[in-house]
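Residue strings, one per chain:
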Amino acid sequence: MPDLKESIDKLNFLLGKWEGFGAVQYPTIEGCEYREELIFETNNCEPLITYIQKTFYKKNNLPLHSESGYIFSKEDGSYEMNNVQNNGRFEWMKGTLENSGNKNILTFEYKNVYNDERIVRTQRIFEVKDNTLNYFGNMQTQKVDFQNHLTAKLVRV
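Residues numbered from 1 in each chain as written. Predicted model: local features only at pLDDT ≥ 70, side-chain atom pairs only at ≥ 80, totals over all residues. Heavy atoms only, no water.

## Quick look at the overall build of the protein chain
Along the backbone of the protein chain there are one helix and 10 strands. Reading the protein chain from its N terminus to its C terminus gives the helix and strand order α-β-β-β-β-β-β-β-β-β-β. In terms of overall dimensions, the protein chain has C-alpha extents of about 45 × 35 × 30 Å along its principal axes. For the protein chain, the proportion of its 157 residues judged to be buried stands at 40%. For the protein chain, the proportion of contacts with a sequence separation of at least 24, taken over those separated by at least 6, is 39%. A total of about 8,600 Å² of accessible surface is found on the protein chain, and carbon and sulfur atoms cover 49% of it. In the protein chain, which carries 19 positive and 22 negative side-chain charges, the distance between the mean positions of the two groups comes to 4 Å. (Helix = DSSP H or I, 4+ residues; strand = E, 2+ residues; numbered from the N terminus. Buried < 20%, exposed > 50% of the residue type's maximum accessible area, 1.4 Å probe, protein only. Contact = heavy atoms within 4.5 Å. Areas by Shrake-Rupley, 256 points an atom, 1.4 Å probe, with all protein chains shown as cover. Lys, Arg positive; Asp, Glu negative; His and termini not counted. Charge placed at Lys NZ, Arg CZ, Asp CG, Glu CD.)

## Description of the sheet that holds strand 8 (residues 119–129)
An order of 1-2-3-4-5-6-7-8-9-10 is seen for the 10 strands of this closed barrel, with the pairing classed as antiparallel. Strand-to-strand twist of the sheet, defined as the mean angle between neighbouring strand axes without regard to direction, takes the value 25°. In the sheet, strand 2 (residues 29–41) pairs with strand 3 (residues 48–57) via eight bridges, with the strands oriented antiparallel. Each bridged residue has a counterpart across the sheet, and for E36 the counterpart in strand 3 is T55. (Pairing = 2+ DSSP bridges. Axes fitted to C-alpha atoms, helices over the stretch in contact; angles between N-to-C directions.)

## Points about the pattern of salt bridges
Inspection of the entire model under this criterion finds 12 salt bridges. A salt bridge links R35 to E37; its shortest N-O distance comes to 2.9 Å. Under the relative-accessibility criterion, E37 is labelled partly exposed at 21%. Two residues, D116 and R89, come together in a salt bridge whose shortest N-O distance is 2.6 Å. Residue D116 is found in the loop between strand 7 (103–114) and strand 8, and its partner R89 is found in the loop between strand 5 (79–85) and strand 6 (90–100); the two are separated by 27 residues along the sequence. For D116, a relative accessible area of 9% corresponds to the buried category. Note on R89: relative accessible area 12%, which makes it buried. Each of E67, E91 and R124 takes part in one network of salt bridges that share partners. (Salt bridge = Lys/Arg side-chain N within 4 Å of Asp/Glu carboxyl O.)

Note that every value here comes from positions in space, so none of it alone points to a role or purpose.
Dropping the structure here:
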């Protein structure tokens with residue numbers, strides 16, 4: 001059984017404040033570009049990482065979306081992520097870590113979504129190389145097949 005603290009320490013590449021830009025699109029919404037702030041932190045007492053994500057419309061800097069949650073390690077060596085979003089949705093996802101050369105890829109797959117019956121599947125992919133974080137969000141609803149919903153490129157500040 002892996003040590004949970006050692007397991008969560010493998011995600012230290014996420015820690016810090018990230019800023020950058022992204023784009024959101026989906027057949028059921030009007031797409032737009034946005035500015036993003038993303039902070040990953042640990043308190044060094046519990047084997048988990050907290051995060052806060054805020055996005056703002058690029059054209060006028062008004063708030064667009066926000067969420068916060070936790071990433072924690074499981075005894076089987078996997079990771080889980082949960083979050084609550086400003087629209088009332090709660091996501092629970094199971095993740096895996098892949099190291100590809102000098103790039104870390106953390107992929108979270110749908111486990112359950114609460115308070116939004118439209119959602120069938122979600123996926124989040126964090127790719128970190130040096131001080132650049134590429135982020136992809138994919139989604140499937142009852143009416144739209146699984147596809148990309150958002151993409152962002154952030155840098156550590």
